[in-house]
Amino acid sequence: MARYEMDIWGEMCPIPLIKAQKKLKSMNCGDILILETEHSCTSRGIVVWANEHGYRITEQEVTNGIWHLELTKTHA
Amino acid sequence: MHWQPPRSQWKLNLGFMVFLFLLFVVIWQISSRIAVIFGLGIALGFTLQKARFCFTSALRDPLLTGITQLSQALILLLALSVLGFAGVAWWSADQNIPLILNIYPLGFHTIVGGILFGVGMVLAGGCASGVLMRIGEGFAMQMVAFIGLLVGALIGERSLDLWRAVFGEIPGIFLPEILGWFPAIILELLALLGLWKLSRWWQRKQIGG
């Protein structure tokens, strides 16, 4: 149950998702990936992508315009 | 991460709404036409922001991640536009208001422009409306993209005659004029239904489920 954090501040829309996809491959089942972004559509896109793939994800707007995401790798 | 609820912005929201209303009233004194366009623009921007709609994502994600959720939304949007536009056309004919149609001729430059715009919008992380919407949200990076958009649009506008002269073009096609309104609408909706089925199939194939 490791927790990883990834820096995606200021990254444009598709890049955070590609980075997350890569990072997820190297993670074990049950590991959690924490992402924070100031790009609303990035947050939305990652949530949709995680839901479609059946990963557990929580999205929280921690302050105005900052989204905090916790992605759990629930399956391989 | 200790969780604090986001600071409420209702005072700012209220202030801005009052400002917009006063601006609307001022514009109305000058021209009711511009005021209506202004109101529609505000409504569109509001909807776009709340819906998190992204044309870039709708066209990019099927290839990048295999997710076609927004592509399906875009197809629905087009279907609604077809019906809405038919309604406007029918109403304007009924009221004897001439309809101004933006039917552009097609040429090689259409394809070149489309590819250039597509590459630009994926790199910039937003299309024209998306960039404007996110500048409004306060996403400063998109202001750089907006400058690029202005420069590109200016170059495109200035060089259009050159493109036309070099590559030639075929006149624009307006289906209702050729087929009649009813068959044209049916054909368009069937084509969109086909695209929708295709996007569903694509997502199933890409990620399963």
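Just above sits the structure.
Computed from a predicted model, the values in this text were never measured in an experiment.

(A) Geometry of the overall build of chain A. Each helix and strand counted, chain A has two helices and four strands in total. Along its sequence from the N terminus, chain A presents helices and strands in the succession β-α-β-α-β-β. By the compact-globule yardstick of 11 Å for 76 residues, chain A fits well, its C-alpha radius of gyration being 11 Å. Overall, chain A is about 30 × 20 × 20 Å in size when its C-alpha atoms are taken along their principal axes. Each of the 76 residues in chain A was classed as buried or not, and the buried ones make up 51%. Of the contacts formed within chain A by residues at least 6 apart in sequence, a portion of 57% connects residues at least 24 apart. Just so you have it, chain A exposes about 3600 Å², and 50% of that area is on carbon and sulfur atoms. Of note, chain A has its 8 positive side-chain charges centred 9 Å away from the centre of its 10 negative side-chain charges.

(B) Structural context of the interface of chain B and chain A. Taken together, the 23 residues of chain B in the interface contact 24 residues of chain A. Across the chain B/chain A interface, buried area totals approximately 2100 Å², and carbon plus sulfur atoms make up 66% of it. The tally of links between chain B and chain A comes to zero salt bridges. Remark: the boundary between chain B and chain A carries two residue pairs in polar contact (both at pLDDT 80 or more).

(C) Representation of the nonpolar core in the model. Residues and elements named next belong to chain A. Among the nonpolar cores identified, the biggest contains 18 residues, and Leu24, Leu33, Leu35, Ile46, Trp49, Ile57 and Leu71 are the most heavily contacted of them. Elements with a contribution of two residues or more to this core: helix H1 (14-25), strand S2 (32-37), helix H2 (40-53) and strand S4 (66-72). Looking at which element gives the most residues to this core, the answer is H2, with five residues.

How each quantity is defined
Residues numbered from 1 in each chain as written. Chains lettered and ligands numbered in written order. Predicted model: local features only at pLDDT ≥ 70, side-chain atom pairs only at ≥ 80, totals over all residues. Heavy atoms only, no water. Helix = DSSP H or I, 4+ residues; strand = E, 2+ residues; numbered from the N terminus. Rg over C-alpha atoms; globule rule 2.2 N^0.38 Å. Buried < 20%, exposed > 50% of the residue type's maximum accessible area, 1.4 Å probe, protein only. Contact = heavy atoms within 4.5 Å. Areas by Shrake-Rupley, 256 points an atom, 1.4 Å probe, with all protein chains shown as cover. Lys, Arg positive; Asp, Glu negative; His and termini not counted. Charge placed at Lys NZ, Arg CZ, Asp CG, Glu CD. Buried area = accessible area lost by both parts, 1.4 Å probe. Salt bridge = Lys/Arg side-chain N within 4 Å of Asp/Glu carboxyl O. Polar contact = N/O pair within 3.5 Å; in protein donor to acceptor, adjacent residues only side chain to side chain. Core = buried A, V, L, I, M, F, W, Y, C linked by side-chain atoms within 4.5 Å.

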